[in-house]
Every structure is written in structure tokens, then in C-alpha cells.
Amino acid sequence: MEMGGAPPVVAKKTTHTPKAIIHQKFGDKACYKVEEVQGDTQNGCPGLAIPQKGPCLFRCSLQLPEFSVVSEYFKRKKDAEQSAAEKALRKLGVDPAASNSIVREPWDELISRLSYLFADEFLSSLHPLSGHFRAALQRDGDLYGLIPVSVFAVCDTKLGNICKSINPGVESNPFLVIPLVLKAAASGSFATSEGQLWMRRQNPYPPEIIQSSISSQLSSPESIWIEAVYIPYSLEKNVESLTLNVSSTGYYLDAIARKLSLADTSKILVSRTVGKASSEMRLYFSAPEWYLVDLLSDLNVEEVNSEEGSFNARASYFSGHAIYGNAILASIGYTWRSMDLFHEDVSLQSYYRLLISKIPSGVYKLSREAILTAELPMAFTTRANWKGSFPRDLLCSFCRQHRLSEPVFSMLSTPLKQSSEVSGSCKRLKVAESSAEETEYRNGAGVVPHGNESVGLGDTFMCEIKIYSKLQDLIIEYSPKDSYRKHSDALQNSSLRVLLCLNTYFKELDMPLEKLASAADIHIYPEKFAKTFASCPSIHNLRQRNETQRERLLDSNSINQPYIMPGHELYSFNIKGPDSGTSPSNGSLACINYVAFLVAEGEHMKERVESNDEFEFEIGVGAVIPHLEVVVTQMSVGQSACFNMDLPPQELILAATGDPVKTISLLSSKVCFLEYSIVLLRVTEPLEDRMEQALFSPPLSKQRVGFALQHIKESSAATLIDFGCGSGSLLDSLLDFPTSLEKIVGVDISKKSLSRAAKLLHSKLSRNSDAGEPSGGIKSAILYEGSITFFDPRLYGFDIGTCLEVIEHMEEDQACLFGDVVLSYFCPKVLIVSTPNYEYNAILQRSNPSNQEEDPDETSQSQACRFRNHDHKFEWTRKQFNHWASNLARKHNYSVEFSGVGGSADVEPGFASHMAVFRRSVPLETDNHPNPVDLIRQYEVVWEWDRSNR
């Protein structure tokens, strides 16, 4: 690289203060001295002998090489300094206003900045770079005073910003500062050497300056032992822990150079900070000769040469720029806070935690301190139910970890007015007076009903998100389709949607970006996205380990044997303790105590890798690993459970364990699995249940069971099918009473819920059958997995069907489809359907003892009642429900009766839950009976009980 003239740079017009202009002209030769004086005070009381102090005033004297000036008195120090500088400029014949039109070029600013950094007064200042200067003055022999050029860029932000204005490529590669600094040094009073990456002051510091600066540092131990991490450039080699031995009178970069087998410390390159911006964790490495030659020869080294044999993919991934050769990750350096050397240990656990912090789910796991157990939830329900860092904060953290620009959140607010043209749904609202073209918005947090009822709507919100690279290239763009009644709900839900998309990418790195974008309904710019995350495939391996899959066998002698769903990697699964009757369900908060052990198979060796005394999470949103949720949903409060599972990705285990070295040894030499031991401490029921319990006794859920039981007895039904049976609460409750039922069937789309239902029914049916209990008449029970909008011929013509509090969890068109399918294909003699009465919500919400879910700053938006559950897609008024059910009955030759539970039909606003009882008007025609053999079976049997097989 030529050390001659700098390339031309267009000068910028900016406004400079008089003091800044003086600094441009004189640098460190301008000396300001400020004196404080006590101002005169007007007594206001003649003859008063008590002295009174006036305000503090400041006067500044400015000493320049040829003259000095003194300012007037001012109340602020900086005003006095500016006044002195202005006086000096006028004495020099310079008009400060006119000088502002002539601003030095960046090269002049760079030279001036270097001059300031090598000035006498800077040596004793509190600055990260001054610590390097002082340490360099304690080096021996030819090394005395030598400072590696690479530290200038990372320790002085102002110098880095000046270099960015000269070469914008510095933003992506901070090492491009090195040739710029060396070129500027050739024009100043600094000593450099051809082909060397060090600098020093040409004229020695005065002895008294050196003595005062070094003696001002506090005494420290003779040697400091610091734990760091060694990252080989070869991905075939493991990351290892190492110890740095730094002498109290030595230079810590010399200690790092020895670990990297370097004789010349100046060839160490220092990265930007890694991890938190406030940390001193950096990567130190020795660049290969070809890289240094290219750097100093003014060649383009901005592009990453990942094909080069010494390219360090892991270190580059952390730093955000290319790193070659072996590297050391250490937290050591000088700071703004103290003259002493700052240092803290960086363990292998720290390394792996840093690694998983670059994954959306990893950021969430760390925020919950549950790396093996927690998962990024699939839904943001309420602020009270969400645990850990909120989605917006997680997304911002993810962007910082990958050195992206902060996400841009654009909130769209739409004033909504109820339209008489809209009918049939409480969910879809039309925009009034917002645009010429009517647009529909979905409100997932609660919407007012359509019809003639007048309810205040307020605004709904949608949050658009854009993510840019540091160079302002657009990478991801998300425009939501859903709108929300709360500003925060829109923000958090959109953030979560983007996080889930990114999380899918990190788990399936080979997934085509087009497929990823289509599945997530997010616009991804493939070229920029691929470039931004190019290193990820070689670093992360988050796929579940399944090479050791085996048959899962339960202990047949277990007294309380649980039901295991097919497809889950669980074995040796056992639940202990009496059933308290209080179990978690979707939407509830479960609080557990757990310990996770790493166990060597076939040996008595196990190591605790994670534990938590109280860990709370929401059921049904994927907030924990599926294995644990399967177990917890089959437990009741007070019960304990133990289960084993295959290992998760190794980087998660090493981030969780306190002793990674021991864990690595165990993993590499033995076949291992994870063992969980958990206790269910408590369950907080969903808000909907809490509201109902506060107002009704018995709760509405039990009243609905009672309503169904009454009609079962009246109809003398022998067969029953429960559409959307969930965790089997209705089927389980029916077993407590004597009925004519002989066969019961449940259908649900959730395997997790069916797991819980299977356990409940299996235990009670077996016990009741042996003891001659009321449900002893039941001969068979079956649970099917499938959608209730599809017909399965095995379930044709049952005596009675139930669908209690289910349809509101479906999209409204799907609820209408269910009504058509069940009455035209399943054809039960009697069908009972219940769903919430939206008009009753105001009463329920007033009865809620603690509105935890309500944001204090958003209560004004609650003019309209919320839905009872975050998962409800709609809630109908009496008029809407009656209209739907009447049309359905008329269409399919059924009669319908309306009733309800909770409240009274004669008192406004009616029942808390609508109930409709459909009865088939004509008998089934034998000729129309479908042949199960000829039709496709849509459902899968997941559990079956038959008394004859016992």
C-alpha cells in the first residue's frame, strides 16, 4: 500500500463551535483553564450582617502558543470555554461563522485525532485506548511503547467513525482501519515501520508524565489468571478452555500472543466486542501473511474468503467479520470506568450460551434460564401468561447478536365503526371512512358483535416489521393480516411471527427460502438473507438427535401406568402419587419443580445439567419441549413423574451444564440420554375458567356436563360421540353417573389433549369396571385423532353427539362446515352444541377479581368486551347463535331447541353459555347407510378400551 497522498474526499458543510475550530487549528497546544468565583449577591436587606453566598460563576483562560485570552464570567463552564475560544479566533482575525463553511477533510480529522491520542494529557485519561498506551510503556527493550494498530479501531469510536467516512467498508470489516491509520501516521509525528502493524510516539513522553500516569494505576497481584476459550479454525477440532497468565507489569496482548504462538504481538488482530455491547469480550487472532499483505496493499479484503483453508467460521460467526487462523475468545481489556485492567472469566459454558443466543429460541431459553426445557412459544396469548423476555425484546436482541440494524416497527391504527352491512361474525370488522376500498381486519384480542347492537369499537392495530442489515439492505418484511384491539398485542404478535420464521430457518437450515417465506407468510429477500446468515449452516446443528431411537417400553408393573402417545421419544415414563383432581389444561399455567440429568446408559453415572425450583409455563402454546408437556398434562397437582428422552442438540446441553468439560467427556465416551424428574406444584386455571368460577357455583363447565347428562338419560342413548373432546373432561365426568351408555367415543385434533384423556378414561374405566361402579355399563371406549370437519364412516348414526365449547375455537366458516358435516353425514339422533354468549362477557369480566391481563395504559381501549379466551376466533350473541342453529336444523331435517346454562333466559343478557339441542326429525334410511369398507377413514385410533379384553 502506498503511503502517499490520500484519495480525494468531498468536504462536508457542518457547523463547528469556536472551541472545535480552535482544536482543528492548534490541537493539544490549546490549553483551557477554568476558574470558579463566587458571584455578588444583592442583600435585599440593608444593614444585615449575615454574609450570603451568590451563585457560582466561571471564567476561562485560553493559552495558545503565541498569546492568551480570558473570557467573561458565565454560569456554565462550557459557555466560558466557548467565549474564550471565540475571543481567540477574533484575535486571530477568524470569523467563527465564516469558518463553519470550511470544514477539514476526513483525512485531516484522522491525523488530528491521532495527534490527540498521542498527546501528553491523553496518557493519564480514562479511556480504553490510554490503557494500552500505559501498558506499552511498561514493555521491555525494542517493544517499549509499541502499540498494535488493530486496537485503535476497536478502542476509539471517534477514530472508527472518521475511518468510516473515508471508507464505508469499515462498517463490515473494522480491520480496514489499519491501512488508513498507517497512512495517516505517515503524515504525522508518529513512528511506524514498513510491513509492521504497530505505532508509537516519535518523541518520548516526559518522564514526569509517564511516572504520574503509571503510578496512578492501583496495585494489583503479580499475576492474573484468566479463563478464556480457544477456537481452532478447523471445524473438526473441538473448542477448548485455556488459561491466560497476565503479569501485573506486563501487557495482556503479549500473554495472548504467546497462547497463539506469535513472536510479534503487533500481528494480533482484535475484533469488536462480542455479545453484550457493554462487555469487553473480544476475539483475538493472528491473521495469515496473505491477509496482511492484501490489507496493507490496498486490495479488497471486504469479502469473506471462506474457501481459504484457515478461515475460522466459528469465530467469524461471532464477530460478524472474517477471521482467519486460530482465535481466542477472552473478556479482558481497558475501560472508561477504571485505569486498572478489566477481566472476567469466559468459560466453555459462556461460549455455548453465546452460541445459542444467536438463535431466536436460544435467546428465549436464556431469558428463562431453562435451556433444555423451555421453547419459544407458538402464540402470544396474554402478557400475564407470557413468561421470559417479550417477543419484541427477543427480536431486537436477535438483531443485535447478528449485527443487524434495529428492527423497524410500524404501527397501523385504524378507526373502526360498526357497519349495518356486516352480519354473521363478531370477528371480522369492516373499516369505515378509512379508504375508498373496504378492507377487512381480524381482531384476535376481542371484537364487538355485528348486528344492530351498539358497542364502542375504538381503534384496532396492526404492526408491520422490517429488518435491515447494517448496510441498510432490506432482509425481511412482514405485513400482518391480523389486527388487535391493543397496541402491545399487535407489536408482540408480529414480533413473534418473525421470530418463529427465523427459528424455523435455524432448525431447518437446508429448507429453501421460498418455502420458508411461504409457510410463514413473510417476505424474505433471498439474496440478502442468504448473505446475512451464510455462516449458520456450518455452525449450528439443532436437529433432534434420533440416531439412537429405540422401542419405548413401559414398566408393566407400574401401579399408576400413564398413557404414552405414539411418536414421542419417551421411555421409562412413570407418574407417582394420588390424583388430586386438579390438572392443567390448555390456557392454564402449570408450575413445576424439575431436575434434568445426563445419564450414561447401562451404568450408574449421571450428571445434573439443569434444574429449576419453580418453573411456570402456559399449557398448549409450545412453551416447553413437547416431551415434558405430554407428561405434565397427564399429572395432577402434587404428583411426581420421571421420564427419559433422547438427547437434544449437544450445544444446548453444553450451554446448560455447569461443567462442560466433564459433560463432553461423558458424551464422547458413553451412550447417554436425558432423565427428567418433575413435580407439579400448582395449576393456575385459564382466565375464562377463573371468571366463570367467580360468578357461578357450580362452575359453568359442570353445569354443561349436567345439561348433557340430563339429555342422555332422557334419550336412553347407548352410544355417544364427543366432538372436540379435548382432555376428556366431559367423557370422564359422565363415568361418575349411571347411564344407559355402552360405547363412548371422543374425537380431537390435539394429540396432547388426547394423551390426558386416555389416561383419565383408562384409569377410571378399569377401576369402575372391576368395582361395579356406575359406569360399569360401558363396554368400549375409543379416542380418535382427527378434524371434526371431516366425516369418518365408523361414527355414523350414533344416538347422541356433544360439542361443548368447541366451535368458537374454529374459524367461523369452519364452524359452519362442522354443522353441515355432523348433521348430514354423522347423523346423530341428538346433537347438543354449546358456545359462549358474547353478551354475557361484560358481567363475567366485571366479576374477575384480578385483571392481570389488562395493561394499565390500555384500559381506555376496553370499551368493548374482550373474548373469554385468547384462542376464541368468534363469540356470538343470542341473535347470531339462534340464526345459525335454526338455519342448520331447517337445512338438514332436524328440530332445534334453545336453552343455556348460567343466568336465565328471562333476565338480560340471557344465559352465559348458549345451548342448542338438535333432534333428527325422520329416522335414518337403511339404504343411505354408508358402508365403512367403501369410505375413507379420516380418523386415527390413538387409544381403545374394551371390557371384553380385560
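Residues numbered from 1 in each chain as written. Predicted model: local features only at pLDDT ≥ 70, side-chain atom pairs only at ≥ 80, totals over all residues. Heavy atoms only, no water.

Caption draft 1: Inspection of the overall build of the protein at higher detail. A count of helical and extended segments in the protein gives 30 helices and 32 strands. Residues counted as buried form 52% of the 950 residues belonging to the protein. Contacts in the protein between residues far apart in sequence, at least 24 positions, make up 71% of those at least 6 positions apart. Carbon and sulfur atoms form 49% of the exposed surface of the protein, whose accessible area is close to 42,900 Å². (Helix = DSSP H or I, 4+ residues; strand = E, 2+ residues; numbered from the N terminus. Buried < 20%, exposed > 50% of the residue type's maximum accessible area, 1.4 Å probe, protein only. Contact = heavy atoms within 4.5 Å. Areas by Shrake-Rupley, 256 points an atom, 1.4 Å probe, with all protein chains shown as cover.)

Caption draft 2: Up close: the packing of aromatic side chains. Overall, the coordinates contain 40 aromatic pairs when judged by the stated rule. An angle of 45 degrees between the planes, with centres 6.0 Å apart, marks the rings of Tyr784 and Tyr939 as tilted. On the criterion of sequence distance, the pair formed by Tyr784 in strand β27 (residues 780-785) and Tyr939 in the loop between β31 (911-920) and β32 (940-946) is long-range, its members being 155 residues apart. You can call Tyr939 buried: its relative accessible area is 5%. Between Trp884 and Phe918, the ring centres sit 6.5 Å apart and the planes meet at 90 degrees, which makes this aromatic pair edge-to-face. You can see Trp884 sitting in helix α30 (residues 878-891) and its partner Phe918 sitting in strand β31, a full 34 residues away along the chain. Ring pairing ties together the aromatic residues Tyr116, Phe118, Phe122, Phe133, Phe152 and Phe190, which thus form one cluster. Above the face of the Tyr317 ring, Lys358 is positioned so that its terminal group lies 4.7 Å from the ring centre. The aromatic ring of Phe390 is capped on one face by Arg383, whose charged end is 4.5 Å from the ring centroid. (Phe/Tyr/Trp six-rings, centres within 6.5 Å; stacked < 30°, edge-to-face > 60°. Lys NZ or Arg CZ within 6 Å of the ring centre and 35° of its normal.)

Caption draft 3: Highlighting the pattern of salt bridges. According to the stated counting rule, one finds 31 salt bridges in the structure shown. A salt bridge links Glu477 to Lys466; the nearest nitrogen and oxygen atoms lie 3.8 Å apart. Separated by eleven residues along the polypeptide, Glu477 in strand β17 (residues 474-478) and Lys466 in strand β16 (residues 459-468) bring together distant segments of the chain. By relative accessible area, which is 29% here, Lys466 ends up partly exposed. The partner of Arg704 in a salt bridge is Glu805, and the shortest N-O contact between them spans 3.7 Å. Residue Arg704 is located in helix α25 (residues 700-715), and its partner Glu805 is located in the loop between β28 (800-804) and α28 (812-826); the two are separated by 101 residues in the primary sequence. For Glu805, a relative accessible area of 12% translates into the label buried. (Salt bridge = Lys/Arg side-chain N within 4 Å of Asp/Glu carboxyl O.)

Caption draft 4: Inspection of α28 at higher detail. Look at α28: 20 Å from first C-alpha to last across 15 residues, which is about the 21 Å you get at 1.5 Å a residue. Buried within α28 are the following residues: Glu812, Ala815, Phe818, Gly819, Val821, Val822, Leu823 and Phe826. The secondary structure elements touched by the buried residues of α28 are β25 (719-723), β28, β29 (830-836), α30, β30 (894-903) and β31. (Expected span 1.5 Å × (residues − 1).)

Caption draft 5: A look at the packing of helix α4 (residues 106-117) against helix α9 (residues 177-185). Contact geometry for α4 and α9: axes closest at 9 Å, N-to-C directions at 80 degrees. In terms of axis orientation, α4 runs roughly perpendicular to α9. Facing α4, whose interface residues are Trp107, Leu110, Ile111 and Leu114, α9 presents Leu180, Val181, Lys183, Ala184 and Ala185. Considering only residue class, the contact of α4 with α9 consists of eight nonpolar, no polar and one charged. (Axes fitted to C-alpha atoms, helices over the stretch in contact; angles between N-to-C directions. Parallel < 35°, antiparallel > 145°, perpendicular 65-115°, else oblique. Nonpolar A, V, L, I, M, F, W, Y, C, P; charged D, E, K, R; others polar.)

Caption draft 6: Highlighting α25. Compared with an ideal rise of 1.5 Å per residue, which puts 16 residues at 22 Å, α25 spans 23 Å between its outermost C-alpha atoms and is within 8% of the ideal. Positive backbone phi, approximately 50 degrees, marks Ser716, located one or two places after α25.

Caption draft 7: Structural detail: unusual backbone geometry. Cis geometry marks the peptide bond from Ser697 to Pro698, where omega comes out at 0 degrees. Looking at the element boundaries, Pro698 is found in the loop between α24 (687-695) and α25. Of the consecutive residues Glu908 and Pro909, the connecting peptide bond is found in the cis state with omega at 5 degrees. Positionally, Pro909 belongs in the loop between β30 and β31. Here Glu805, not a glycine, exhibits a phi torsion of approximately 55 degrees, which is positive. Even without a glycine there, the phi angle at Cys827 is positive, about 55 degrees. Locating Cys827 in the fold gives a position in the loop between α28 and β29. According to the relative accessible area criterion, Cys827 is buried, its value standing at 9%.

Caption draft 8: Structural view of the sheet that holds strand β4 (residues 147-148). With antiparallel pairing, three strands are arranged side by side in an open sheet as β4-β6-β5. Two strands in the sheet have a free side with no partner beyond their single neighbour: β4 and β5 (190-191). For β5 and strand β6 (residues 198-201), the ladder comprises two bridges, and the chain directions are antiparallel. When the sheet's bridge partners are listed, Ala191 is paired in β6 with Arg200. (Pairing = 2+ DSSP bridges.)

Caption draft 9: Structural view of the pairing of β6. Across two bridges, the pairing between β4 and β6 is antiparallel. Bridging from a neighbouring strand, Pro148 pairs with Trp198 of β6.

Caption draft 10: Molecular detail of the nonpolar core. If you look at the biggest cluster of nonpolar residues, it comprises 171 residues, and the most contacted ones within it are Phe152, Tyr676 and Ile678. In this structure, Ile678 is in contact with Ile592, Asn593, Tyr594, Leu628, Val631, Val632, Met635, Gln639, Ser640, Ala641 and Phe643, ignoring residues within four places of it in sequence. Residues Leu734, Ala758, Leu844 and Met915 belong to the second largest nonpolar core, which totals 39 residues. (Core = buried A, V, L, I, M, F, W, Y, C linked by side-chain atoms within 4.5 Å.)

Caption draft 11: The sheet that holds β27, seen in detail. Across the sheet, which stays open at both edges, the eight strands sit in the order β30-β31-β29-β28-β25-β26-β27-β32 with mixed pairing between neighbours. Unpaired on one side and paired on the other, β30 and β32 mark the two borders of the sheet. Between one strand axis and the next, the sheet turns by 15 degrees as a mean value, whatever way the strands run. Here β25 pairs with strand β26 (residues 743-748) via five bridges, running parallel. By the bridge assignment, Leu720 is partnered in β26 with Ile744. Docked against the sheet, α25 engages β25, β28, β29, β30 and β31, running at close to 20 degrees with respect to β31. Seen against the sheet, α30 touches β29, β30 and β31 and runs at an angle of roughly 155 degrees to β30.

Caption draft 12: Expanded view of the side chain of Glu629. For Glu629, the position within the fold is in helix α21 (residues 626-632). Engagement of the side chain of Glu629 in a polar contact is seen with the backbone nitrogen of Gly620, the distance being 3.0 Å. What Glu629 contacts, discounting residues up to four positions off in sequence, is Phe617, Glu618, Ile619, Gly620, Gly622, Ala623, Val624 and Lys752. (Polar contact = N/O pair within 3.5 Å; in protein donor to acceptor, adjacent residues only side chain to side chain.)

Caption draft 13: Molecular detail of the state of the cysteines. Considering all chains together, one arrives at zero disulfides under this definition. Free cysteine Cys399: the closest other cysteine sulfur is in Cys396, separated by 6.7 Å. A relative accessible area of 0% means that Cys399 is categorised as buried. (Disulfide = S-S within 2.5 Å.)

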